[in-house]
Amino acid sequence: MSIAPDAGGAGAPAKVLATASTEGDQLTVTMPPRLYHLVTLRNHLRAWLADLGVAIETARDIVMATDEAVTNAVEHRFRPDRATGEVTLMVEARPGAIVVTVADTGPWQLPAQGHIPDGGFNLPLLRVLADEVHLRHHDGRSVLVAHFPHRG
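Keep in mind the model is a prediction, meaning the values are calculated, not measured. (Residues numbered from 1 in each chain as written. Predicted model: local features only at pLDDT ≥ 70, side-chain atom pairs only at ≥ 80, totals over all residues. Heavy atoms only, no water.)

Chemist: Looking at this model, I keep getting lost on the overall build of the chain. Mind explaining?
Modeler: Broken down by element type, the chain carries 3 helices and 8 strands. What you see in the chain, going N to C, is helices and strands ordered as β-β-β-β-α-α-β-β-α-β-β. Each of the 152 residues in the chain was classed as buried or not, and the buried ones make up 42%. Here the contacts in the chain between residues at least 6 apart in sequence split such that 54% fall between residues at least 24 apart. Only carbon and sulfur atoms are counted for the fraction: they give 54% of the accessible area of the chain, which is about 8100 Å². (Helix = DSSP H or I, 4+ residues; strand = E, 2+ residues; numbered from the N terminus. Buried < 20%, exposed > 50% of the residue type's maximum accessible area, 1.4 Å probe, protein only. Contact = heavy atoms within 4.5 Å. Areas by Shrake-Rupley, 256 points an atom, 1.4 Å probe, with all protein chains shown as cover.)

Here is the structure:
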């Protein structure tokens, strides 16, 4: 399903800019690196979590952390003059946890000695909200995985 169509210019055909799909207990959203997709992404995620029966407080934390992770993937991985590639969000409901994965294809390199700075992906906030947070860079992709407790 399309979640954010671009109407294009006068007479230009509309094109899909972001897509979302649900399959069982999994939500997948793929979008180009544009911040204006975030409002729709947050609303879609909120509705999906509500359909699963996730508590409002837990859903709020998941939506906030996901918004921060996707925002940082867009803002810090893609230059405005070269905003090609995509950001993919996958959210899975597992027994006892909601697992959020944010992957991007933007250029990014680990700093010297493999140290990941706390500014990337707003890691301090994610570490407070999630039980586990993992960040890795491999084959031109940055991938963040966060586990949130879910009782229900």
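Chemist: Explain the nonpolar core to me, please; I cannot follow it from the model alone.
Modeler: The tendency in soluble globular proteins is for nonpolar side chains to be buried as a group. Grouped together as the largest cluster of nonpolar side chains are 33 residues, with contacts concentrated most on Leu-49 and Phe-148. Among the elements of the structure, strand E4 (26-31), helix H1 (38-52), helix H2 (56-77), strand E5 (87-94), strand E6 (97-104), helix H3 (123-129), strand E7 (132-138) and strand E8 (141-149) are those that each provide at least two residues to this core. When residues in this core are grouped by element, the largest group, 8 residues, is from H2. Apart from residues lying up to four places away in sequence, Leu-49 is in contact with Val-54, Ala-59, Ile-62, Val-63 and Ile-98. (Core = buried A, V, L, I, M, F, W, Y, C linked by side-chain atoms within 4.5 Å.)

Chemist: Help me understand the sheet that holds E6 in this model?
Modeler: Remark on secondary structure: sheet strands pair via backbone hydrogen bonds, oriented parallel or antiparallel. As summarised here, the arrangement of the 6 strands in space is E3-E4-E5-E6-E8-E7, forming an open sheet in which the pairing is antiparallel. Both edges of this open sheet fall to strand E3 (19-23) and E7, since each of them pairs with a single strand only. Within the sheet, the average angular offset between the axes of one strand and its neighbour, ignoring direction, is 10°. Of the strand pairs in this sheet, E5 and E6 are connected by 8 bridges, and their pairing is antiparallel. Within E6, the position partnered with Leu-89 by the bridge is Val-102. (Pairing = 2+ DSSP bridges. Axes fitted to C-alpha atoms, helices over the stretch in contact; angles between N-to-C directions.)

Chemist: Where do I start with the pairing of E8 in this structure?
Modeler: In terms of burial, E8 is a largely internal element, 7 of the 9 residues being buried. By the bridge criterion, 8 bridges tie E6 to E8 in an arrangement that is antiparallel. By the bridge assignment, Ala-97 is partnered in E8 with Pro-149. Pairing geometry for E7 and E8, over 7 bridges, is antiparallel. Bridge pairing links Val-133 to Ala-146 in E8.

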